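Understanding the architecture of this molecule
Listed below, chain by chain, are the residues.
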Amino acid sequence: MIIPFRDLPEETLNNLIEHFVLQEGTEYGDHEISLGQKVFEVKQQLERGEAVIVYSELHETVNIVPAERLAHRP
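Because the structure is a prediction, the values reported are computed rather than measured.

Let us now look at the overall build of the chain. A tally of helices and strands in the chain yields 3 helices and 3 strands. Ordering the α and β elements of the chain from the N terminus gives β-α-α-β-β-α. Counting over 74 residues, the chain shows a buried share of 24%. Long-range pairs, those at least 24 residues apart, make up 43% of the contacts in the chain with a sequence separation of at least 6. When the accessible area of the chain is evaluated, it comes to approximately 5600 Å², of which 50% is carbon and sulfur surface.

Here we come to helix H2 (residues 35-48). Over its 14 residues, H2 extends 20 Å from the first C-alpha to the last, a length consistent with the 20 Å expected when each residue adds 1.5 Å. For H2, the set of buried residues is Lys-38, Val-39, Val-42, Lys-43 and Leu-46. The buried residues of H2 occupy an angular sector of 140° when projected down its axis, which confines them to one face. At the C-terminal side of H2, Gly-49 shows a positive phi close to 80°.

For the rest of this paragraph, the subject is the pairing of strand S3 (residues 61-66). Sheet analysis places strand S2 (residues 51-56) next to S3, joined by 6 bridges and oriented antiparallel. Across the sheet, Tyr-55 pairs through a bridge with Val-62, a residue of S3. Counting the residues between successive antiparallel strands, the hairpin from S2 to S3 contains 4 residues, one of them, Glu-60, with a positive phi of roughly 55°.

Reading across from one edge, S1-S2-S3 is the order of the 3 strands in this open sheet, with antiparallel pairing throughout. The sheet is open, and its two edges are formed by strand S1 (2-3) and S3, each paired on a single side. In this structure, S1 lies alongside S2, joined through 2 bridges in antiparallel fashion. Bridged to Ile-3 within S2 is Ile-53.

Conventions and cut-offs
Here the residue index of a chain counts from 1 through its sequence in written order. Side-chain atom pairs in this predicted model are given and counted only at pLDDT of 80 or more, local residue features only at pLDDT of at least 70, and totals for whole chains, interfaces and linings cover all residues. Only heavy atoms go into the side-chain values, all of them from the structure, while hydrogens and water stay out. By definition, any uninterrupted DSSP run of H or I lasting at least four residues is a helix, any uninterrupted run of E lasting at least two residues is a strand, and each is numbered from the N terminus. Using a 1.4 Å probe on the protein chains alone, a residue whose accessible area is under 20% of its type maximum counts as buried, one over 50% counts as exposed, and one in between counts as partly exposed. We call two residues in contact when some of their heavy atoms are within 4.5 Å. A 1.4 Å probe and the Shrake-Rupley method give the accessible areas. Residues count as covered only by the protein chains that appear here. Here, expected helix span is obtained from the residue count minus one, scaled by 1.5 Å. This arc is built from the directions going out from the helix axis to the C-beta atoms. Here, strands pair whenever DSSP counts at least two bridges between them.

Written out as structure tokens, the structure reads:
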């Protein structure tokens, strides 16, 4: 189930994005990017529709995924 990010309180959205960013463990090369910048970039992806927040009823989890991943589901 897709959760519209605009329906979430700002603090909840920020906490969700921070959790997502911290568990990603993505390598950014030679340039260190601050947590605030990473959160900002994920918010921008949500606003542009490039990423969505998905709730799994089966696993009772929430995750942020690329929108294109949902477009290619069977």
